Amino acid sequence: MSAANFNNTNAAARPWFERLDRIDRRWIFLLMFLAVSGPILWIGVTGKTLPEAPTLAARAVFQEIDQLPARSLVLISIDFDPASAGELQPMATSLVRQCAAKNLRMVFIALWPLGNQVAQQTIQNVIRDDYPALKEGDDFVNMGYQAGNEAVMKLLLTDFAKAFPKDSRGEATSNIPMLKGVKMASNFPLLITVSAGYPGSKEWVQYVISACNEKMNFVTGCTGVSAPQLYPYFPQQIVGLLGAIKGAAEYESMVNASLAVDGVATAPKYLQAQRRMGPQLVAHLLMVGLIIVGNVIFFARKRRGAA
Amino acid sequence: MTRQAKTWLVIGAVFVALIVARGMIGQGLGRVYVKRTEVTAKLPDAAAVNSAAAAPSASASASTSAATTAASTQATAGPSGASSQATTQSSAASISWQEWKQVPPLEFAAAQKVNAAQTEITLSWPRTIGLWLAAFFTLAIFSFLYADNPCYKIAESLVVGVSAAYWGVIGFWDTLVPKMFGALTPGLVKSLVQPSLVAPEMLQQISMVLALVLGVMMLWRLLPRGGWISAWPLAFIVGVTAGLKIVSHVESDLMAQAAATMKPLVVSVTDASGATNMWDSWWASVANVLLVVGVICCLAYFFFSVQHKGVVGGAARVGIWYLMITFGAAFGFTVMGRIALLAARLEFLFDDWLWLIDPNHFRSL
Amino acid sequence: MKRIIPMWIAIIGGFAMMLSSFIPLAESWGEVFANVFNVVAAIAFVLGAGSLAKQHLEKLSRRDAGWGYSIITLGSFIVTLLIGMFKIGIHPNPNFPQAAYSGSNNTEGSAWSWIYEYMITPLTSTMFALLAFFVASAAFRAFRAKNTEAILLLVTAFIVLLGRTFAGVVLTGWFPEWASGLRLENLSIYVMQVFNTAGNRAIMIGIALGVAATGLRILFGIDRSWLGGGDA
């Protein structure tokens, strides 16, 4: 809708619903901007977040990690890049935090080219900053990125070292102490992935989980776009599922509650997802409002047409 | 200028005025502070020292390291200037350099309070410029919402160029070097990149020769003639992908999904005391019935070998309803995802750049 | 030869991968092919980068419309490539100081990290965020309750949009326990785990059958359309 049309001379003569229907879409953009930025500023100033009631799928993720014995090996695949970090970084942060707090041994890999850098930042923000006693090579290791998507997964099924011959420090896989007993993917009792699309959670189910014959459990966090497609796998093939920022906020609140210390406030970096639920609320209400207004226009026009 | 354009001009001017005003009050706008850290690496022997002399950033001092501890040079280490603020020093058996880690402005203020002349934590100009550039790119892309414009096109062109090179470089250093060059030229990779490299097996070397040949054939596509040669590696990719997908899809998306649909239609949910919970049993049974009916009806809709009439037609119609609900759910989740991404970008603008909010307590406690 | 050899390469590669899932003796062949595939995939990145450079150089030499933007694309491409390939500004890895290129490009403060932090991150994430605005505009203009199917779609979207935020709790949280299944937050779970699961499961089963059929046609040499020049 061009500005020229909007300012048509006989615009005033049109009925209200016609004028509303022809509204410049930039006003809708402005509304969306205000709907998202308002709560961000309010939460940023007050520090208040909305309460979260974890759903079954998010609780399953927490419980699956929680029930693992200390020192268990977990394979964490960071399959996203900065483009989806708004949704997925809070999940990755909380997942790594729970694993570190549980003293699980974490092996990071990436099937997205930029996933290696995301993994590195997460390791820095959570492990190095808050769990400095954990030692690289013994308690966690970042194996970096490998090209090949499904073929890397296929290789992981039979030979971990062939799929990831070195870690991000340049150390050969065979020299890494915590990987001494690891031959293949099924040596990990749990696979955790945070994925933005292809290759991601779906491919992990198709190529690894199906082939591992229940030796390896799988929990995953994914974007809103891919979450609906993953529900058919839950809970048989995907034991726990975090869908979109809501899943992240639910899981984050559970991890925070489990690690809460009396009198000590949770570090703000571990409240990222819950903070984002504020703008989410207002923007969703706006979306509902826009759809209702759109339909009011539709029915008003229909009635006028029928008359 | 139309009334509409004037209105947007005023709105834009208000935003710009607010930003300028923000820059003049309080702590000002986005700045990045860095803290100096010392990194020392022990050189294994004299021969290795010479090898280190070839290092792209630590060259000048390392070559003289065997002699004395005197050498100390400023090494320009890249356009970011983050490492470029690094100095390299050397001693008989080790080299050291400085790295600069980002710290919150709060730490800078605290350090200044203790000692105003301190240089351990300083303002990083390269990163501050980077931050402002990031803000510019964010706004440039948002400017597309008003209309297509040169700022958006510049940002778009940059994404394409930088991403392509970025992926190429990552593919080279992360996969080609350790796997292909590590197998074909292990000596070179061991001395220059990865001293821990494990000697390759014969089978690995043969397979990497095959990969190299296929790779070169694939790159043939870039040449003006002989494009058909690239059909060979393409055939390899198609064949391997087909072989992988047949098994995985049948196993996880056909068999496992069919098995997961075979659910009891009447479910009895018991509570902790062992008594049957009527409402929960009712809801669980309804859920299972709806699920089984839904899968069958949707499959009936996709089944085109029979005309969609009578029972099949009815089932297909119910299948369409299920699919519409599926798409509605997908829409809701997509909206959720996109808004989260928008929130993250606006957080960047308000927090990192404009310093309007401080959710992470980087500037105030 | 231009068609027969590629066809056999596809057949051998495909069967090696397929059989490696069933026959333990063929497992090592699966590994070899997967390893080669991974390296070829990495070379494909180089091909992608090369194609981009070629395309923009051609555009530049022909002075096509918008060639100025090609200069920006090529310039940023070359600078990023040089910084990354030569690891400019990267110190050796402290564990292996004797190896000049042992340091990681991702070291904090490096030029490479600067590009990641201040170019790739804002540019790509804002591109994705832009869709939030367009989806709002599209919902206003196109989301109309024209018939039963559209109403179902619309109602589901409402349930998910409200049920996945605190709005659901505010609007229906007061429902009594026996009607808790009708609370929006529970309804949205129900929609996802029952209706959405049924719909997506049927789609997945359909795709799986399609993939298996197409894959087998390729591996048996029946489908050669991927070689170009028709299905002959």
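All figures in this text were calculated on a predicted structure; none of them were measured in a lab.

**Some details on the overall build of chain A**
Okay, step 1: Of the regular secondary structure elements, chain A holds 12 helices and 6 strands.
Okay, step 2: In terms of overall dimensions, chain A has a C-alpha envelope of 80 × 50 × 35 Å along the principal axes.
Okay, step 3: Element-wise, carbon and sulfur atoms account for 56% of the exposed surface of chain A, whose accessible area totals about 10600 Å².
Okay, step 4: In chain A, the 29 positive side-chain charges and the 23 negative ones have mean positions that sit 8 Å from each other.

**What to know about the interface of chain C and chain B**
Okay, step 1: With 124 residues of chain C at the contact, the number on the chain B side is 140 residues.
Okay, step 2: The junction of chain C with chain B conceals about 12000 Å² of combined surface from both sides, 80% of it contributed by carbon and sulfur atoms.
Okay, step 3: Among the residues of chain C in contact with chain B, H91, Y118 and R201 of chain C are the three that bury the most area, contributing 6% of the side total.
Okay, step 4: The interface formed by chain C and chain B holds 2 salt bridges in total.
Okay, step 5: The salt bridge involving E108 of chain C is made with R127 of chain B; its shortest N-O contact spans 2.9 Å.
Okay, step 6: The set of elements that each furnish at least two residues to the side of chain C that touches chain B consists of α1 (4–20), α2 (27–62), α3 (67–85), α4 (111–142), α5 (148–163) and α7 (184–219) of chain C.
Okay, step 7: Sort the elements by how many residues they give to the side of chain C that touches chain B and α7 of chain C lands first, with 25 residues.
Okay, step 8: Considered class by class, the residues forming the side of chain C that touches chain B number 85 nonpolar, 32 polar and 7 charged.

**Brief notes about the domain arrangement of chain B**
Residue and element names in this part refer to chain B.
Okay, step 1: Under the domain assignment used here, chain B contains domain 1 (29–146) and domain 2 (263–354).
Okay, step 2: Summed over both sides, the interface of domain 1 with domain 2 buries roughly 740 Å², with 79% coming from carbon and sulfur.
Okay, step 3: Joining domain 1 to domain 2, the criterion identifies 2 residue pairs in polar contact (both at pLDDT 80 or more).

**Concerning the sheet that holds strand β2 (residues 105–110) of chain A**
Residue and element names in this part refer to chain A.
Okay, step 1: Sheet architecture is open: 6 strands sit in the order β3-β2-β1-β4-β5-β6, paired in parallel fashion. Strands with a single pairing partner mark the edges of an open sheet, and in this sheet they are β3 (140–145) and β6 (240–243). Averaged over all neighbouring strand pairs, the angle between strand axes comes to 15°, with direction disregarded.
Okay, step 2: Looking at chain direction, strand β1 (residues 73–79) and strand β4 (residues 190–195) are connected through 6 bridges and run parallel. By the bridge assignment for β4, D79 is matched with S195.
Okay, step 3: Of the strands in this sheet, β1, β2, β4, β5 (217–222) and β6 touch helix α5 (residues 85–101), which is tilted by about 160° from β4.

**Here's the deal with the pattern of salt bridges**
Okay, step 1: Applying the stated criterion across every chain yields a total of 26 salt bridges over all chains.
Okay, step 2: Among the ionic pairs, K183 of chain A bridges to D159 of chain A, the shortest N-O distance being 3.4 Å. Of the two residues, K183 of chain A sits in the loop between α8 (160–163) and β4 while D159 of chain A sits in the loop between α7 (150–158) and α8, which places them 24 residues apart along the sequence.
Okay, step 3: For K183 of chain A, a relative accessible area of 42% corresponds to the partly exposed category.
Okay, step 4: Given a relative accessible area of 12%, D159 of chain A falls into the buried group.
Okay, step 5: Of the charged contacts in the structure, one is a salt bridge between E347 of chain B and R276 of chain A, with a shortest N-O distance of 2.8 Å. Residue E347 of chain B is located in helix α11 (residues 310–353), and its partner R276 of chain A is located in helix α12 (residues 272–306); the two belong to separate chains.
Okay, step 6: Take R276 of chain A: its relative accessible area is 5%, and that puts it in the buried class.
Okay, step 7: Salt bridges sharing common partners tie together E18, D21, R22 and R301 of chain A together with R144 of chain C.

**Concerning the interface of chain A and chain C**
Okay, step 1: If you look at the interface, chain A gives 64 residues, while chain C gives 55 residues.
Okay, step 2: Summed over the shared surface of chain A and chain C, the number is 2 salt bridges.
Okay, step 3: Across the pair K162 of chain A and E31 of chain C runs a salt bridge, and its minimum N-O distance is 2.9 Å.
Okay, step 4: The interface formed by chain A and chain C contains 18 residue pairs in polar contact (both at pLDDT 80 or more).
Okay, step 5: Looking at which element gives the most residues to the side of chain A that touches chain C, the answer is α12 of chain A, with 16 residues.

**Side note on the environment of T165 of chain C**
Okay, step 1: Along the polypeptide, T165 of chain C turns up in the loop between α5 and α6 (166–172).
Okay, step 2: Under the relative-accessibility criterion, T165 of chain C is labelled buried at 3%.
Okay, step 3: The sequence separation of T165 of chain C and M17 of chain C amounts to 148 residues, and the corresponding C-alpha distance is 45 Å.
Okay, step 4: Once you skip the residues sitting within four places of it in the chain, T165 of chain C turns out to touch M277, Q280, L281 and H284 of chain A.
Okay, step 5: One polar contact links the side chain of T165 of chain C to the main-chain carbonyl oxygen of L161 of chain C, over a distance of 3.4 Å.
Okay, step 6: Side-chain polar atoms of T165 of chain C contact the backbone oxygen of L162 of chain C, separated by 3.2 Å.

**A few points about the confidence of the model for chain A**
Okay, step 1: Mean pLDDT over chain A: 93, with 95% of residues reaching 70 or higher.
Okay, step 2: The low-confidence segment residues 1–7 of chain A (pLDDT under 50) makes 14 contacts with residues lying over four places distant or belonging to another chain.

**A look at α1 of chain C**
Since the α-helix packs 3.6 residues into each turn, any two residues three or four apart lie on the same face.
Okay, step 1: With 17 residues, α1 of chain C extends 24 Å between its outermost C-alpha atoms, agreeing within 8% with the 24 Å of an ideal straight helix rising 1.5 Å per residue.
Okay, step 2: For α1 of chain C, the full list of buried residues reads P6, M7, I9, A10, I11, G13, G14, A16, M17, M18 and S20 of chain C.
Okay, step 3: Elements that come into contact with the buried residues of α1 of chain C comprise α7 of chain A, α9 (231–261) of chain B together with α2 and α7 of chain C.

**Some points on the packing of aromatic side chains**
Okay, step 1: Tallied over the entire structure, the rule returns 32 aromatic pairs over all chains.
Okay, step 2: Between Y166 of chain B and W112 of chain C the ring centres are 3.9 Å apart and the planes differ by 10°, which places this aromatic pair in the stacked class. A residue pair is termed interchain when its members come from two chains, as with Y166 of chain B in helix α6 (residues 150–184) and W112 of chain C in helix α4. Each member of the pair, Y166 of chain B together with W112 of chain C, is buried.
Okay, step 3: For the ring pair W174 of chain C and F175 of chain C, a centre distance of 4.7 Å and an interplane angle of 80° mean the geometry is edge-to-face.
Okay, step 4: Exposure remark for W174 of chain C: the relative accessible area of 63% places this residue in the exposed category.
Okay, step 5: Aromatic ring contacts, followed pair by pair, group F29 of chain A, F142, F144 and Y152 of chain B together with F133 and F134 of chain C into a single cluster.
Okay, step 6: Over the ring of Y146 of chain B we find R26 of chain A; its NZ or CZ atom is 4.4 Å from the centre of that ring.
Okay, step 7: The aromatic ring of W173 of chain B is capped on one face by K87 of chain C, whose charged end is 4.1 Å from the ring centroid.

Reading guide: rules and limits
All residue numbers refer to position in the chain's written sequence, counted from 1. The naming scheme follows written order: chains are lettered A onward, ligands numbered 1 onward. Residues qualify for local features only when their pLDDT is at least 70, as the model is predicted, and side-chain atom pairs are given and counted only at 80 or more; totals for whole chains, interfaces and linings, by contrast, use all residues. Excluding hydrogens and water, the side-chain figures rest on all heavy atoms present in the structure. Secondary structure elements follow DSSP: runs of H or I of four or more residues count as helices, runs of E of two or more count as strands, with numbering from the N terminus. Exposure was quantified through the Shrake-Rupley algorithm and a 1.4 Å probe, taking into account, for residues, occlusion by the shown protein chains and nothing else. Positive charges come from Lys and Arg, negative ones from Asp and Glu, while His and the chain ends are left out of the count. Working definition for charges: the position is that of NZ of Lys, CZ of Arg, CG of Asp or CD of Glu. What makes two residues a contact is simply this: any of their non-hydrogen atoms within 4.5 Å. Buried area: the accessible surface (1.4 Å probe) lost by two parts on joining, summed over both. We count a salt bridge whenever a side-chain nitrogen from Lys or Arg sits within 4 Å of a carboxyl oxygen from Asp or Glu. For this scheme, ten residues count as nonpolar: Ala, Val, Leu, Ile, Met, Phe, Trp, Tyr, Cys and Pro. Four count as charged, namely Asp, Glu, Lys and Arg, and the remainder, Gly too, count as polar. Note that the domain bounds were set by an automatic or database domain assignment. Here a polar contact means two N or O atoms within 3.5 Å. Within protein one must be a hydrogen donor candidate and the other an acceptor candidate, and residues neighboring in sequence count only if both atoms are side-chain atoms. One bridge is not enough; two strands pair if DSSP finds at least two bridges between them. Structural elements are reduced to axes, namely lines fitted to C-alpha atoms, with helices fitted over the stretch in contact, and the angle between N-to-C directions of any two is expressed from 0 to 180 degrees. Exposed residues in this analysis have more than 50% of their type's maximum accessible area, buried residues have under 20%, and partly exposed residues fall in between, with area computed by a 1.4 Å probe over protein chains only. Confidence scores labelled pLDDT are given residue by residue by the predictor and lie between 0 and 100. An expected span of 1.5 Å times one less than the residue number is assigned to each helix. Working definition: a ring pair exists when centres of Phe, Tyr or Trp rings (six-membered ring for Trp) sit within 6.5 Å. Plane angles under 30 degrees give stacked, over 60 give edge-to-face, the rest tilted. Any Lys NZ or Arg CZ found within 6 Å of a ring centre and within 35 degrees of that ring's normal is scored as a charge over the ring.

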